[in-house]
Amino acid sequence: MGSREGWLAGELRRRGISRRELLFFCAGVAGTFGLPASAASQIATALTRAKKPILVWLEFQDCAGNTESFLRSSAPSVGEVVLDLLSVDYHETIMAAAGLQAEEALNGVVKNAPGQFIAIVEGSIPTGADGAYCTIGGRSALDIAREVCGKAAATIAVGTCATYGGLPAAAPNPTGALGVADAVPGVKNLINLSACPANAANIAALLVYHLTYKRWPPLDGFRRPLFAYGKTIHDNCERRAHFDAGQYVESWGDDAHRSGACLYKMGCKGPVTYQNCPTVRWNDGTNWPIGCGHPCIGCAEPDFWDRMTPFYKHLPDVPGFQAASSVDTVGAWLTVGAAAAFAGHGVLKGIQNSRGKPEESAGPPGDRGPTGSAGGQP
Amino acid sequence: MSHVVVDPVTRIEGHLRIEAEVDGGQVQDAWSSSTMFRGIELILKGRDPRDAWAFTQRICGVCTTVHAIASVRSVENAIGAKPPPNARVLRNLIMASQCIQDHVIHFYHLHALDWVDVVSALKADPEKTSALAQSISDWPLSSTKYFAGVKGRLKDFVDRGQLGPFANAYWGHPAYKLPPEANLLAVAHYLEALDWQRDFIRMHAILGGKNPHLQSFLVGGMATPVDPDRQASINMGSVARMKELTARAREFVTKVYLPDVLAVASFYKDWAGVGGGVGNYMVYGEYPETDDDKPPLFLPSGVIRNKNLGKVEPLDPAKITESVKHSWYEDGATPLHPRDGETRPRYTGPKPPYERLETAAKYSWLKSPRYDGEPMEVGPLSRMLVAYGSGHKRVQELVGTALKSLGVGPEALFSTLGRIAARCVETVLLAEKIDSWVDALAANMDKGDLRIHDTGKWDPSAWPKEAYGAGFHEAPRGALGHWVHIKNGVIANYQCIVPSTWNAGPRDGSEKRGPYEAALLKTPVADPKQPLEILRTVHSFDPCMACGVHVVDVQRRELARVRTA
């Protein structure tokens, strides 16, 4: 293969995939990013010249939910990612080698390709008990993360545990769990893909973005890609009209629930959660939590296990949110109509900004530390 | 004598370390250690019990539904909530689809590479592979051209020199016995199963909004409205989509998974004599068929001791105890009542980085659960054995057919190979059964019953001031129990005993080995530097370590067996 035509071009030709079909696929990718259709051609060209970058996927205090989510990827499929697009040199859940041979694979990447590989981290990193709350091959998670993420060209913290500490870091944080940003400060090109788990569509889109543009996407204040975290659930919710019209589910299975009314009173955290669930949905666009009748639990936001609970209390009563409304005045508040509702959003937006103002600037992130709080105890 | 350490054990969920003494080409002794701890039960204290399912669900993302089910059942048991029939059926559908998908992923993506030599597949003749495929199944993807394409893709992958997850493995190991054509067939189905699992689990998106970590559970029912005449509810469109997915699941499971298991097993019959383990099997039972307090279960509960299929004992949860002698928790000086007890994590192992664990002392974050003082194996093999021994007709037929095709007797079930076969049999059984619950849902809606929730018990003001509850579930990996103590509307104590704790736990107070440790005894090891055979037996249990590690107290449990849908 010549230098101008990468292995992928040959691969596509071999499989009988025309450029026209590739463009169709890339148009879908462009749609995920909210890019114009004209970007499809650029993506297609970049993909066919791509080399196979090395990826190592580390699992610490995790549930493998993000790995499972990644297995649900369809564009590209996980088979394509593993066989064709990337060289996944270490991933405990899927790799054939074990024990010593697995450790050798990871050490080989760190030693032979420093600064040239992508690290994905799943799960939080415990700092208590000298690291004994999570060891792999006898080494602590913190030790491994420092070495591997320290040598990576970029680190993707996938899921809310790796991003902000997540469930293990929920009060009282028995193991001193932290997200990558706090456990290993100063990691190069850290991208946070929060949510519990991160949506396969967003993991795939981030990887394709990087393979295409050879850079990382613009991020918000929590180092999350704007293409997936630029708007709240509420902004794009299919039930938004019911919120504006004051049509609420009052009881599980009532007429309003069956009719798809707004879940705000049942505890929905959509108004304060930045994530693209309503547009990309889940499992190849099949459905999403609000679509199946359950409120958003805010899983993409920092410390959601403490800040968004109790899950079934509606927002103004959530501790830490000093909104003017309370559960008893919601009815009155709503009778004022849409104007009051938007005033409510103003309050919620203010809270969001106080936690970390989303950055709208374009361009790849520099080697700066995280700007959002992450992983600490409440 | 060589001391073999396998850490990380890969192709599992979570963090597992096996240490083994190997001598004379066999494992002489073994120690199973879980090396990760989070403390989720401690995090649950003081929280709203209606939130608990979402917390416990995150114990594991592979078995993403199981801790949610056990959690809502335990809280419902405590507060006296009764989920309506639709909720029971929706849960049965969620549990069965989880089990079907999880078992297929286990065989192809977590276990197959212990038996299938990927590199050998490069030597396969596509024409002979096609003949082999067509001799065992009428699955349509079986032409010479198809297998030539798979082989070509594999060859290009290898020629590129970046082997990724297949690098540095045990290819060419003498314990691999399949001919190249069977290896190529398995590689093709490894890739097909990757796509199939993604498509099938849209069942969970229909029923729970997303997978992993479905979001439709509620204490007292389900959050998924059902109404044949509304577009925002589970309606006949949803029913049609589910039936399409279950039909394709049946086809894949009976035409790909089952024939593959039987074909692979036929080359490894010696493994029907390896990995037997403790020989005791425990099952809580699953899939309630009615809404009674003690409903008939599609898969029965029971206990089998010493491989005696002729005697299935009734299960009594009061006989469950746990030992921490070899676990990194403080030893209880004064045994507390389980409802009030608390065990504190206390790491006393070597400071990381370390080479060896102190296996004579404490060596795992797992505890050692025991039933009537005995270690118990839990999981698909236990379920199929208890069902077989209890006279479950369809299980007897399916098990009998599998044994006959391999030309072995029932004693072959108590083995590494038996676990693999039982998991497959269960998958076929559930794939056959699952449509009956789709039909039940449709029929119930047709009667005008649209209830999904026991709304009268939603508000904590309707709860007793103090309450205890237990919730049981047969997860894909085995018997799962959650215990909750609620006081003044919040969680006072929460405990889980999880399948992988039963199977992967360390030795107990009387030095009896746990099921993994016992199953590894006498496992052949051709090359201690390449412990492929150890992986075979450990993987046959389908380890799920994140599930296994919990702060549970307990010297003795006296908890009522109550089941709710």
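Residues numbered from 1 in each chain as written. Chains lettered and ligands numbered in written order. Predicted model: local features only at pLDDT ≥ 70, side-chain atom pairs only at ≥ 80, totals over all residues. Heavy atoms only, no water.

Undergrad: Looking at this structure, how should I read the packing of helix H5 (residues 126–136) of chain B against helix H7 (residues 180–200) of chain B?
TA: Any two packed helices are characterised by how steeply their axes cross, that is the angle between the axes, and by the distance between the axes. Residues and elements named next belong to chain B. The N-to-C vectors of H5 and H7 enclose an angle of 70°; their axes lie 9 Å apart at closest approach. Judged by the angle between their axes, H5 and H7 are roughly perpendicular. Across the interface between the two elements, Lys128, Thr129, Leu132, Ala133 and Ile136 of H5 pack against Glu181, Ala182, Leu184 and Leu185 of H7. When the residues that make up the contact of H5 with H7 are grouped by side-chain class, the tally is six nonpolar, one polar and two charged. (Axes fitted to C-alpha atoms, helices over the stretch in contact; angles between N-to-C directions. Helix = DSSP H or I, 4+ residues; strand = E, 2+ residues; numbered from the N terminus. Parallel < 35°, antiparallel > 145°, perpendicular 65-115°, else oblique. Contact = heavy atoms within 4.5 Å. Nonpolar A, V, L, I, M, F, W, Y, C, P; charged D, E, K, R; others polar.)

Undergrad: I would appreciate a short explanation of the side chain of B:Glu474 in the present structure.
TA: All names here are of chain B. If you trace the backbone, glutamate 474 turns up in strand S12 (residues 466–475). For glutamate 474, the side chain forms a polar contact with the main-chain nitrogen of glycine 285, separated by 3.4 Å. Those residues within four positions of glutamate 474 in sequence are excluded, and the remaining contacts are Val283, Tyr284, Gly285, Glu286, Arg383 and Ala479. (Polar contact = N/O pair within 3.5 Å; in protein donor to acceptor, adjacent residues only side chain to side chain.)

Undergrad: What is the right way to read the pairing of strand S14 (residues 490–497) of chain B from this model?
TA: Taken residue by residue, a regular strand's side chains alternate between the two faces of the sheet. Residue and element names in this part refer to chain B. Among the eight residues of S14, six are classified as buried, and the element is accordingly described as predominantly covered. In terms of strand pairing, strand S13 (residues 478–487) meets S14 through seven bridges, oriented antiparallel. Pairing of valine 484 across the sheet is with tyrosine 494, part of S14. Two successive antiparallel strands, S13 and S14, enclose a turn made up of two residues, where asparagine 488 displays a positive phi of approximately 50°. (Buried < 20%, exposed > 50% of the residue type's maximum accessible area, 1.4 Å probe, protein only. Pairing = 2+ DSSP bridges.)

Undergrad: What is the right way to look at the state of the cysteines in this model?
TA: One way to say it: the disulfide is the covalent bond shared by the sulfur atoms of two cysteines. Residues and elements named next belong to chain A. By the definition in use, this model includes zero disulfides over all chains. Cysteine 161 takes part in no disulfide bond, and the closest cysteine sulfur, belonging to cysteine 196, lies 6.0 Å away. Free of any disulfide, cysteine 262 has its nearest cysteine sulfur in cysteine 268, 6.5 Å distant. Judged by its relative accessible area of 7%, cysteine 262 is buried. (Disulfide = S-S within 2.5 Å.)

Undergrad: I tried to follow unusual backbone geometry on my own but got confused; where do I start?
TA: Working note: non-glycine residues mostly have negative phi, and peptide bonds are mostly trans. The peptide bond linking A:Ala75 to A:Pro76 adopts the cis configuration, its omega dihedral lying at -5°. Following the sequence through the fold, A:Pro76 ends up in the loop between helix H4 (65–71) and helix H5 (78–85). At the junction of B:Pro352 and B:Pro353, the peptide bond is cis and its omega measures out at -5° in the coordinates. Relative to the assigned elements, B:Pro353 resides in the loop between strand S10 (320–323) and strand S11 (368–371). The residue B:His213 is not glycine, and still its phi comes out positive at about 60°. Secondary-structure assignment places B:His213 in the loop between helix H8 (202–208) and strand S4 (217–218). Here B:His213 falls in the buried class, since its relative accessible area comes to 0%.

Undergrad: Quick question: what am I supposed to make of the packing of aromatic side chains here?
TA: Note on aromatic pairs: each is described by the distance of the centres and the angle between the planes. Within the structure shown, the criterion is met by 44 aromatic pairs over all chains. When the centroid spacing of 5.6 Å and the interplanar angle of 85° are considered together, the rings of A:Trp252 and B:Trp458 count as edge-to-face. One end of the pair, A:Trp252, is in the loop between helix H13 (240–244) and helix H14 (255–258); the other, B:Trp458, is in the loop between helix H12 (416–446) and S12, on a second chain. A single burial state applies to A:Trp252 and to B:Trp458, both of which are buried. Where B:Trp115 meets B:Trp271, the ring centres are 5.4 Å apart and the plane angle is 90°; that geometry is what we call edge-to-face. In this pair, B:Trp115 is assigned in the loop between helix H4 (85–111) and H5 and B:Trp271 in the loop between helix H9 (236–267) and strand S6 (281–283), connecting sequence segments 156 residues apart. One exposure class covers both B:Trp115 and B:Trp271, and it is buried. Put simply, the rings of B:Phe107, B:Tyr108, B:Trp139, B:Trp196, B:Phe200, B:Phe252 and B:Tyr257 pair up and form one aromatic cluster. Over the face of the ring belonging to A:Trp282 we find B:Lys210, whose NZ or CZ atom lies 5.1 Å from the ring centre. Directly above the ring of B:Tyr329 sits B:Lys367, whose terminal nitrogen or CZ lies 4.8 Å from the centroid. (Phe/Tyr/Trp six-rings, centres within 6.5 Å; stacked < 30°, edge-to-face > 60°. Lys NZ or Arg CZ within 6 Å of the ring centre and 35° of its normal.)

Undergrad: Would you explain the pattern of salt bridges in this entry?
TA: Pairs can form between side chains of opposite charge once their charged atoms are near each other. Within this structure, the stated rule accounts for 50 salt bridges over all chains. In this structure, the salt-bridge partner of A:Glu147 is A:Arg139, at a minimum N-O distance of 2.8 Å. Under the relative-accessibility criterion, A:Arg139 is labelled buried at 19%. B:Arg383 is paired through a salt bridge with B:Glu474; the nearest N and O atoms lie 2.7 Å apart. Of the two residues, B:Arg383 is situated in helix H10 (residues 380–389) and B:Glu474 in strand S12; the sequence distance between them amounts to 91 residues. As far as the burial class goes, B:Arg383 and B:Glu474 line up, both buried. Here the salt bridges do not stand alone but share partners, grouping A:Asp255, A:Arg258, B:Asp227 and B:Arg230 into one network. (Salt bridge = Lys/Arg side-chain N within 4 Å of Asp/Glu carboxyl O.)

Undergrad: What is the right way to read the environment of B:Gly149 from this model?
TA: All names here are of chain B. On the secondary structure map, glycine 149 appears in helix H6 (residues 144–159). On the accessibility criterion, glycine 149 (35% relative accessible area) is partly exposed. Taking the C-alpha atoms as reference points, glycine 149 and phenylalanine 414, 265 residues apart in sequence, are found 39 Å from one another.

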